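Spelled out from the first residue to the last, the chains are:
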Amino acid sequence: VQLQASGGGLVQAGGSLRLSCAASGSIFAIVAMAWYRQAPGKRRELVAVVTSGGTTNYANPVKGRFTISRDNAKNTVYLQMNSLKPEDTAVYYCNAGINSGFRTTDYWGQGTEVTVSS
């Protein structure tokens with residue numbers, strides 16, 4: 001199983017970006033899908049999560065600005081980021097709990113860099 005993230009880049013404050021992360025491989029079911037981020041010198045933190053049923057939850061700093069969604073047919077999770085701020089600058093990682101038929105395992109994407117200039 002692999003997670004391939006894309007969509008990062010450089011954007012000015014107030015701008016928008018959309019991240020995508022597609023899961024591929026031997027997948028029986030995907031439980032929760034999430035986005036984390038890690039800024040330089042800081043710990044990795046949860047940004048947003050969406051369950052298999054579509055329930056979402058967001059970290060306080062991004063509430064009202066970011067939207068997480070998933071396309072179950074494509075095994076893909078998205079993160080729409082609006083009103084970006086310089087403090088959103090980080091490497092963003094997707095995460096998914098994937099059941100390959102025997103057990104559920106946590107997988108991570110390779111990370112995509114988001115830089116927000118002031």
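Right, let's walk through the structure included here.

Calculation criteria
Along each chain, residue indices are assigned from 1 in the same order as the chain's sequence is written. Residues qualify for local features only when their pLDDT is at least 70, as the model is predicted, and side-chain atom pairs are given and counted only at 80 or more; totals for whole chains, interfaces and linings, by contrast, use all residues. The side-chain values count all of the structure's non-hydrogen atoms but skip hydrogen atoms and water molecules. As used in this record, nonpolar core signifies buried Ala, Val, Leu, Ile, Met, Phe, Trp, Tyr and Cys residues forming a set joined through side-chain atoms within 4.5 Å. Here the term buried applies to any residue with accessible area under 20% of the maximum for its type, exposed to any over 50%, and partly exposed to those in between, with areas from a 1.4 Å probe on protein chains only. A helix here means a DSSP run of H or I that spans at least four residues, while a strand means a run of E at least two residues long, and both kinds are numbered starting from the N terminus. Any two residues whose heavy atoms approach within 4.5 Å are treated as being in contact. Working definition: a disulfide is two cysteine sulfur atoms within 2.5 Å of each other. Pairing between strands requires that DSSP locate at least two bridges from one strand to the other. Where helices are involved, their axes are fitted lines through C-alpha atoms of the stretch in contact, as for all axes, and angles between N-to-C directions lie from 0 to 180°. Stacked, edge-to-face and tilted are the three classes for Phe, Tyr and Trp ring pairs, Trp counted by its six-membered ring, which pair at centre distances within 6.5 Å; planes under 30 degrees apart are stacked, over 60 edge-to-face, the rest tilted. Charge-over-ring contacts are defined here by two conditions on Lys NZ or Arg CZ: a distance within 6 Å of the ring centre and an angle within 35 degrees of the ring normal.

## Digging into the nonpolar core
Okay, step 1: Membership of the largest hydrophobic core comes to 29 residues, with the highest contact counts inside it found for W35, L79, M81 and Y92.
Okay, step 2: When contributions to this core are tallied by element, the ones reaching two or more residues are β1 (2-6), β3 (17-24), β4 (29-38), β5 (45-50), β7 (66-71), β8 (76-81), β9 (90-99) and β11 (112-117).
Okay, step 3: Broken down by element, this core gets its largest block of residues, five residues, from β9.
Okay, step 4: What L79 contacts, discounting residues up to four positions off in sequence, is L17, R18, L19, W35, V47, A48, F66, T67, I68 and Y92.

## Section: the side chain of S20
Okay, step 1: Take S20: it is sitting in strand β3.
Okay, step 2: S20 has contacts with Q4, A5, S6, W35, V77 and Y78, leaving out every residue within four places of it along the chain.

## Overview of the state of the cysteines
Okay, step 1: Following the criterion strictly, the structure yields one disulfide and no others.
Okay, step 2: Through a disulfide, C21 is tied to C94; the S-S separation comes to 2.0 Å. As the torsion about the S-S bond is roughly 50°, the C21-C94 disulfide counts as right-handed. Of the two residues, C21 sits in strand β3 while C94 sits in strand β9, which places them 73 residues apart along the sequence.

## A word on the sheet that holds β8
Okay, step 1: Taken in spatial order, the four strands of this open sheet run β1-β3-β8-β7, and their pairing is antiparallel. Strand pairing shows two members of the sheet lacking a second neighbour, β1 and β7, which therefore form its edges. In this sheet, neighbouring strand axes are inclined to one another by 15° on average, regardless of whether the strands run parallel or antiparallel.
Okay, step 2: Note: β7 against β8, six bridges, orientation antiparallel. By the bridge assignment for β8, T67 is matched with Q80.

## Side note on the packing of aromatic side chains
Between two aromatic rings, the relevant description is the distance of the centres plus the angle of the planes.
Okay, step 1: Applying the stated criterion across every chain yields a total of one aromatic pair.
Okay, step 2: One Lys or Arg, R18, reaches over the ring of Y78 and ends 4.1 Å from the middle of that ring.
Okay, step 3: Over the ring of W108 we find R44; its NZ or CZ atom is 4.7 Å from the centre of that ring.

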